[in-house]
Amino acid sequence: LLITGLVGNYQYWVEKKEYLESLRKKTIIELEISSWEKIVETKPEYRDVLLRLALLNWKIYNNDKAKEYWEKADYLDSNNIEVQGIGKIIFPAQ
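Rules used in this analysis
What you see as residue numbers is a count from 1 along each chain, following the sequence as written. Under the rules for a predicted model, residues below a pLDDT of 70 receive no local features and side-chain atom pairs below 80 are neither given nor counted, while totals for whole chains, interfaces and linings still include all residues. Side-chain metrics rest on all non-hydrogen atoms present in the structure, leaving aside hydrogens and water. Fitted lines through C-alpha atoms give the axes, limited to the stretch in contact for helices. The angle between two N-to-C directions lies from 0 to 180 degrees. Under the DSSP-based scheme used, a helix requires at least four consecutive residues in state H or I and a strand at least two consecutive residues in state E, with every element numbered from the N terminus. Angles below 35 degrees are treated as roughly parallel, those above 145 as roughly antiparallel, those between 65 and 115 as roughly perpendicular, and all remaining angles as oblique. Two residues form a contact once any of their heavy atoms are found within 4.5 Å. Ten residues, namely Ala, Val, Leu, Ile, Met, Phe, Trp, Tyr, Cys and Pro, are considered nonpolar, four, namely Asp, Glu, Lys and Arg, are considered charged, and the remaining ones, Gly among them, are considered polar. The rule for a salt bridge is simple: a side-chain nitrogen of Lys or Arg has to be within 4 Å of a carboxyl oxygen of Asp or Glu. Only residues above 30% relative accessible area that lack a salt bridge enter a patch, with like-charged residues linked at up to 9 Å and the nonpolar side chains Val, Leu, Ile, Met, Phe, Trp and Tyr linked at up to 5 Å. Where accessible areas are quoted, they stem from the Shrake-Rupley method and a 1.4 Å probe; at the residue level, only the protein chains shown are allowed to cover. To define a nonpolar core, start from buried Ala, Val, Leu, Ile, Met, Phe, Trp, Tyr and Cys residues and group those joined through side-chain atoms within 4.5 Å. Each residue is placed in one exposure class: buried if its accessible area under a 1.4 Å probe, protein chains only, is under 20% of its type's maximum, exposed if it is over 50%, and partly exposed if it falls in between. Multiplying 1.5 Å by the helix residue count minus one yields the expected span of that helix. Here a Phe, Tyr or Trp ring, Trp counted by its six-membered ring, pairs with any other such ring whose centre lies within 6.5 Å, and the pair is stacked when the planes are under 30 degrees apart, edge-to-face when over 60, and tilted otherwise.

A.B. asks: Could you clarify how one ought to interpret the packing of helix α2 (residues 47–59) against helix α4 (residues 81–90) in this entry?
C.D. replies: In a pair of packed helices, the angle between the axes and the distance between the axes together describe the arrangement. For the pair α2 and α4, interaxial distance at closest approach is 11 Å and the crossing angle is 10 degrees. Here α4 runs roughly parallel to α2, going by the angle between their axes. Every residue of α4 that contacts α2 at R47, D48, L51, A54, L55 and W58 is listed here: E82, V83, I86, I89 and I90. A per-class count over the contact of α2 with α4 returns eight nonpolar, no polar and three charged.

Pasting the structure below:
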């Protein structure tokens, strides 16, 4: 019984640590998104920044924003291999 309690307690702390780490990573990504969005405000046709924003939003499961940024990049340069490759990452079933 004591061993079961220790194992369960250990598992709780491992899961809590993983959860806190995921929150930390999400916060870092959100800060990066904020920085890139400031650039896009002044240079809305900067394809590479739009692609970066699409991927960052996709990483934090903000799929609507990811799609929005990717579509803008695709509109600007629809034949670009990088644009199409990122589209396949974000929308693998399409």
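From this point, the narrative continues.
A.B. asks: Would you take a moment to explain the pattern of salt bridges for this structure?
C.D. replies: When charged atoms on two side chains of opposite charge get close, those side chains can pair. On inspection of all chains with the given rule, the structure shows eight salt bridges. We note a salt bridge from D77 to R47, for which the minimum N-O separation is 2.6 Å. Residue D77 is found in the loop between α3 (63–76) and α4, and its partner R47 is found in helix α2; the two are separated by 30 residues along the sequence. The residue K67 makes a salt bridge to E71 at a minimum N-O spacing of 3.8 Å. Taken together, the positions of K67 and E71, both in helix α3 and four residues apart, correspond to about one turn of that helix.

A.B. asks: Looking at this structure, I do not really get a nonpolar patch on the surface. What am I missing?
C.D. replies: On the surface, a cluster of nonpolar side chains totalling about 300 Å² of accessible area is made up of Y19, L20 and L23. Relative to the helices and strands, L20 is located in helix α1 (residues 2–42).

A.B. asks: Looking at this model, I keep getting lost on the nonpolar core. Mind explaining?
C.D. replies: For soluble globular proteins, the rule of thumb is that nonpolar side chains tend to be buried together. Counting 18 residues, the largest nonpolar core has I33, L51, L53, W70 and I90 as its most contacted members. At the level of secondary structure, the elements contributing two or more residues to this core comprise α1, α2, α3 and α4. Here L53 is in contact with I33, W36, E37, V40 and Y69, once residues within four sequence places are set aside.

A.B. asks: Quick question: what am I supposed to make of α2 here?
C.D. replies: One full turn of an α-helix is made of 3.6 residues, so residues set three or four places apart face in the same direction. With 13 residues, α2 should cover 18 Å at 1.5 Å per step; its first-to-last C-alpha distance of 19 Å lies within 8% of that length. Buried within α2 are the following residues: R47, V49, L50, L51, L53, A54, L56 and N57. Positive phi shows up at Y61, right after α2, with a value of about 65 degrees.

A.B. asks: What's the story with the packing of aromatic side chains in this structure? I'm lost.
C.D. replies: Pairs of aromatic rings are described using the distance from one ring centre to the other and the angle between the two planes. Summed over all chains, the structure comprises two aromatic pairs. Ring geometry for Y12 and W13: centres 4.9 Å apart, planes at 75 degrees, overall edge-to-face. Judged by relative accessible area, which is 46%, Y12 ranks as partly exposed. Summarising the aromatic geometry, the rings of W70 and F91 are spaced 5.4 Å apart at their centres and angled 75 degrees between planes, so their arrangement reads as edge-to-face. One end of the pair, W70, is in helix α3; the other, F91, is in the segment after α4, and 21 residues separate them in sequence. Classification of W70 as buried rests on a relative accessible area of 13%.

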